[in-house]
Amino acid sequence: MIWRRTASRSIDLDVAQPFRAAARAGLKACATVAALTLIAPTMFGQTSPPETILVNGHVITVDTRFAIAEAVAIGGGKFTAVGTNADIRKLADAKTQTIDLHGATVVPGLADDHLHDAGGGPGVDLSAARSLADVVAAIGARVKASRPGDIVVSNSDWHEAQLNEHRLPYRRDLDAVSPDNPVVLVRGGHEYILNSAALAKWKIAKDTPQPSGGRITRDAQGELNGELIDRAKSLVQLPPPPPLTIDALVAQHKKLNAAGLTSIRYPGASVEQYHLLQQMEQRGLLTIRVNQLLRFGADNAAAMREAIAASHLKPDDGDEWLRIGGMKLAVDGGFEGGWMREPYAEPWGEHGTFFGVNTMKAAAYTDVVKELNRLGWRVATHAVGDAAIDEVLAAYEAANAERSIRGKRWTIEHGFIPQPDQFPRMKALDLVISAQDHLYLAGPSLVNYWGAARAARTTPMRTYLDQGFVVAGGTDSAVVPYPPLWVFYHFVSRDTISGGVMGGDQKISRKEALQVETINNAYLTFEERIKGSIEPGKLADLVVLPEDILTCPEKQIEQMPVSMTMVGGRIVYRRP
Ligand SMILES: [Zn+2]
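My aim in this report is to walk through the structure given alongside it, one point at a time. (Residues numbered from 1 in each chain as written. Predicted model: local features only at pLDDT ≥ 70, side-chain atom pairs only at ≥ 80, totals over all residues. Heavy atoms only, no water.)

## Re the overall build of the protein chain
Our working rule: Under the DSSP-based scheme used, a helix requires at least four consecutive residues in state H or I and a strand at least two consecutive residues in state E, with every element numbered from the N terminus. Here the globule rule is a power law, 2.2 Å times the number of residues to the power 0.38, and the radius of gyration is based on C-alpha atoms. To sort residues, take the accessible area from a 1.4 Å probe on protein chains only and compare it with the maximum for the residue type: under 20% means buried, over 50% means exposed, and anything in between is partly exposed. Any pair of residues with heavy atoms lying within 4.5 Å of one another is described as a contacting pair. Under the convention used here, a 1.4 Å probe and the Shrake-Rupley method define accessible areas, while residue burial counts only the protein chains that appear. Only four residue types enter the charge count, namely Lys and Arg as positive and Asp and Glu as negative; His and the chain termini do not. A charge is said to be at NZ when it belongs to Lys, at CZ for Arg, at CG for Asp and at CD for Glu.
If you tally the helices and strands in the protein chain, you get 19 helices and 24 strands. Against the 2.2 N^0.38 benchmark of 25 Å for 576 residues, the protein chain shows a C-alpha radius of gyration of 24 Å, consistent with a compact globule. Here the C-alpha coordinates of the protein chain stretch approximately 75 × 60 × 50 Å along the principal axes. A buried classification covers 59% of the 576 residues belonging to the protein chain. Restricting the contact set of the protein chain to residue pairs at least 6 apart, pairs at least 24 apart contribute 72%. Carbon and sulfur atoms form 54% of the exposed surface of the protein chain, whose accessible area is close to 21900 Å². The average position of the 61 basic charges and that of the 65 acidic charges among the side chains of the protein chain differ by 4 Å.

Structure follows, in C-alpha cells:
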C-alpha cells in the first residue's frame, strides 16, 4: 500500500492521539487534533468533499447483494459514497486525503460478540506453553522468584488443548515445583487447579462437600487432583487483581484493533468498567465500539431490581461508541461443566452420573429472567449444553407469556449443543445466537469430555444458519484467543489448532462467515442500520487485508495479517 497525502491536507495518523471526541463533535476539536479544527461544519454534510478516499481496492461491501466496489469516500466518520475509482475520485478536492490500496481487499470492520478481555495480566503467562513441562517450568520459575507463603497465580488465557499431552496439569505436577507455595492455575473462566499447599491453605479436603453449582474433581484413585470447577472456585480467595485502568483498556483495545476488530461486546462486566469506558469516550480514547452487558450475580428478582436501581443505568443507554446491551446471566459451566441431557464420556461421566454443572437453578433463574423482562431489560444467557438450553428456553417462554420478548433480540450465549426439538422454541422466541469458535481451541478436550459425536457437533453453525437464525460470531477471549480471522478460518474449515477438522458438515461459506462477523454482530446489538457493512451513511469502520478473503487458499486465512483498521474513518491500526 502507498499512503499519499496532498500537501495542503495533513491528518495526524498516530493512533495514540485522541481523536474520538473531535470526530464526533466536529467543532469541539481539541488542540491535539489539529487537522480537524480546520474543518467547517458543512464538511460533515453529504455534499461536501470527502475527508478521505480509499481507491484501487477490492471492497467487499457485505451489503444485501454482497456487491464489490473499488473505492469508498469517507466524511464525518461515515461512508459518504461507495463505487468505482472514477466515481469516488470525482468527489475529492485538494484537501481530501487519498489512500491507494493497490488492489488490497477491504471488508467491514470485524466484530466480536463475546469478548471479556484481550488476555495477559500479572500472573504467570501460560499462553505460549505447548507441553506440561512448559507449564511446570513457568510455574517453577515464578515460585523461585517468590517469598515463602506467596501465592503463585497464572493468567487465564491458556487451555490444555494447546499442550502436547492434551490434559490439564494437576496437583501432583504442580507439587513437584512448588511443595510449599500455594499455586492456583486459573484456566479460562470456569476452572482453577490447585497444588497441595493451596488445597491445604483453603482447607479443601476429601471430605469437603461438593458445592452447589460447582465440582471438586478427583482422580481415578478417588484423591483430589486439585481441579475446582465453576462455583467450587469460591472456596478459594485469590488476591484481588490490580484495578482495571483506562491505560490498561487503551492497551487492550489497541491489540484488538491490530487484529481487525472495530466493535466488541463485553459479555457481562461491571458498572465500574462501564464508567471507565464512559470516561474514555469523553476523553476521545475509545478506538473500538463497545456494547456492554452488565453482570450482577443477583440470584433473585428483588436482588436484581436493587442492583439495577443502584447502578443508575438503563437498557440501551449510550451511543454508537458505547452502549449498554442488556443483562448477562449464566446457567451452566464451560468445557468441563456444560450441563447436558446425556452424561459425560467416561471417565468424566463417573459411571454415567456426571451431566455437567447447573450453576443457576431453574426457579431462581426464571424468577430473575421474568423480572428483567418486566423492567425492560434484554437478557443474554450463557448456556453451553442442551440441558442448559432447556432451562433457558423454559424461562424465556415464561417471561414471554407475560410480555412478548419477540423482536427484542434476546440471546443464547455459546449454544454449543442445541437439539432439533429446541429450534422451533428458539424460533418462536425470536432469539439471536451468539456463537464463538471454542472448538478451534478446545476440540480434543471436548472429545474427552463429551465423546467424539457431541464434540463434532459443537457450535453447529451450518445448522443454525439453515434453521434461519441470525448468528453473530466471536471468541469468548481470553478463554479463546481474540483474532477474528481465526474465527473466520474455523467457521469455514472446522479445522482446530491441534485436533484437525471436526464436524466438517457444519462448515459455512466465506460469505456467511463474513456476515457472522460483521452485519450479524451489528444486528445483535440493534445497529445493523448504522454499521456492519460498507454502505453510504454507515459508520466508516473497515479492515484492509492483503488478500481476497473470499477466494484465497483457505489455510492462508488463519495467519493473514491485517494491513489497516479504521474506526469512524480514522486509522486506529496500520501494519508497520
Ligand atoms: Zn464468556
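Past the structure itself, the notes keep going.
## Side note on the packing of aromatic side chains
Selection rule: Whether two aromatic rings pair depends on their centres lying within 6.5 Å, for rings of Phe, Tyr and Trp, where Trp uses its six-membered ring; planes under 30 degrees apart make the pair stacked, over 60 edge-to-face, and the rest tilted. Geometrically, a charge over a ring is one whose NZ (Lys) or CZ (Arg) sits within 6 Å of the ring centre while staying within 35 degrees of the ring normal.
Counted according to the given criterion, the structure contains 11 aromatic pairs. Here the aromatic residues Phe335, Tyr344, Phe354, Phe416 and Trp450 are joined through ring pairs into a cluster of three or more. Sitting over the face of the ring of Phe469, Lys427 holds its NZ or CZ atom 5.4 Å from the ring centroid.

## A word on helix H16 (residues 484–493)
With 9 of its 10 residues buried, H16 lies for the most part within the structure. Taken together, the buried positions of H16 are occupied by Pro484, Leu485, Val487, Phe488, Tyr489, His490, Phe491, Val492 and Ser493. Two residues or fewer past H16, Arg494 is found with a positive phi of approximately 60°.

## Focus on the coordination of the zinc ion
The condition that has to hold: Coordinating donors are taken as N, O and S atoms within 2.8 Å of the metal, stretched to 3.2 Å for Na, K and Ca; because water is absent from the atoms, sites can appear incomplete.
For the zinc ion, the full set of protein donor atoms is His114 (NE2), His116 (NE2) and Asp476 (OD), and the range of their distances to it is 2.1 to 2.2 Å. Counting residues between consecutive donors of the zinc ion along the chain gives the motif H-x1-H-x359-D. By relative accessible area, which is 32% here, His116 ends up partly exposed.

## With respect to the sheet that holds strand S14 (residues 224–230)
To keep it simple, the criterion reads: Should DSSP find at least two bridges between two strands, the strands are regarded as paired. Helix axes are fitted to C-alpha atoms over the stretch in contact, other axes to C-alpha atoms as well, and angles between N-to-C directions run from 0 to 180 degrees.
Pairing is mixed across the open sheet formed by 5 strands, whose spatial order is S10-S11-S12-S14-S13. Bordering the open sheet on either side are strand S10 (152–153) and strand S13 (214–218), each of which pairs with just one other strand. Examined bridge by bridge, strand S11 (residues 183–187) and strand S12 (residues 191–194) share 4 bridges and lie antiparallel to one another. Its bridge partner being in S12, Val186 is matched across the sheet by Tyr192. Sheet strands touched by helix H4 (residues 132–144): S10 and S11. Its angle to S11, the strand with the most contacts, is close to 135°.

## Digging into the pairing of strand S7 (residues 97–100)
Side-chain direction in a regular strand flips from residue to residue, so the side chains alternate between the two faces of the sheet. Residues Gln97 and Ile99 line one face of S7 and the alternating positions Thr98 and Asp100 line the opposite face, and both faces are buried. In terms of strand pairing, strand S2 (residues 52–55) meets S7 through 4 bridges, oriented parallel. Looking at S7, one finds that Val55 is bridged to Asp100.

## What about the environment of Ile139?
Note on placement: Ile139 falls in helix H4. Setting aside residues up to four positions removed in sequence, Ile139 forms contacts with Val124, Val152, Leu174, Val177, Val183 and Leu185.

## As for the packing of helix H10 (residues 362–374) against helix H11 (residues 386–402)
As a reminder, the rule being used: Left-handed is the label given to a crossing in which the near helix is rotated counterclockwise from the far helix by less than a right angle, and right-handed is the label when the rotation is clockwise. Each residue is assigned to one of three groups, with Ala, Val, Leu, Ile, Met, Phe, Trp, Tyr, Cys and Pro labelled nonpolar, Asp, Glu, Lys and Arg labelled charged, and all others, Gly among them, labelled polar.
Where H10 meets H11, the closest approach of the two axes is 9 Å, and the angle between their N-to-C directions is 40°. When you trace H10 past H11, the crossing you get is right-handed. Counting all contacts with H10, which are made through Ala362, Tyr365, Thr366, Val369, Lys370, Asn373 and Arg374, the residues of H11 involved are Glu391, Val392, Ala395, Tyr396, Ala398, Ala399, Asn400 and Glu402. Classifying every residue of the contact of H10 with H11 gives 8 nonpolar, 3 polar and 4 charged.

## Topic: the pattern of salt bridges
Quick reminder of the rule: A pairing counts as a salt bridge when a side-chain nitrogen of Lys or Arg comes within 4 Å of a carboxyl oxygen of Asp or Glu.
Summed over all chains, the structure comprises 26 salt bridges. The partner of Glu512 in a salt bridge is Arg462, with the nearest N and O atoms 2.8 Å apart. With Glu512 in helix H17 (residues 510–517) and Arg462 in helix H15 (residues 461–466), the pair connects residues that are 50 residues apart, well separated along the chain. Residues joined in a network through salt bridges with shared partners are Arg305, Lys370, Glu371, Arg374 and Glu402.

## Section: the sheet that holds strand S19 (residues 411–414)
Spatially, the 8 strands line up as an open sheet ordered S9-S15-S16-S17-S18-S19-S20-S21, and their pairing is parallel. Edge positions in the sheet fall to strand S9 (110–112) and strand S21 (471–474), since each has one partner strand and no second. The average angle at which neighbouring strand axes cross in this sheet is 25°, direction not considered. Here strand S20 (residues 432–436) pairs with S21 via 4 bridges, running parallel. Bridge pairing links Ser434 to Ala472 in S21.

## Some thoughts on the packing of helix H9 (residues 301–311) against H10
Each pair of packed helices can be summarised by the angle the axes make with each other and by the distance between the axes. Keep this limit in mind: In what follows, roughly perpendicular refers to angles from 65 to 115 degrees, roughly parallel to angles under 35, roughly antiparallel to angles over 145, and oblique to any angle outside these ranges.
The geometry of H9 relative to H10 is characterised by a closest axis approach of 8 Å and an angle of 40° between their N-to-C directions. The orientation of H9 relative to H10 falls into the category oblique. Seen from above, H9 lies across H10 with right-handed handedness. Residues Ala301, Met304, Arg305 and Ile308 of H9 form the contact with H10, whose participating residues are Asp367, Val368, Glu371 and Leu372.

## Remarks on the layout of surface pockets
The gaps left among the atoms become clear once a water-sized probe is rolled over them. Keep this limit in mind: Lining residues are defined by having an atom within 4 Å of a point belonging to a cavity or pocket. Those points lie on a 1 Å grid over the protein atoms alone, cavities being sets where a 1.4 Å probe fits but cannot get out and pockets being open sets with protein on both sides within 12 Å along at least five of seven lines. Grid points are joined across faces, edges and corners, and a volume is the space filled by probe spheres set on the points.
Of the voids in this model, the second largest pocket is the one considered here, and its volume is about 470 Å³. In terms of lining residues, the second largest pocket is bounded by 20 residues, among which Tyr170, Thr217, Arg218, Pro347 and Trp348 are the most central. Of all the secondary structure elements, the ones that give two or more residues to the lining of the second largest pocket are S13, S14 and helix H13 (438–450). Of the residues in the lining of the second largest pocket, the class split is 6 nonpolar, 6 polar and 8 charged.

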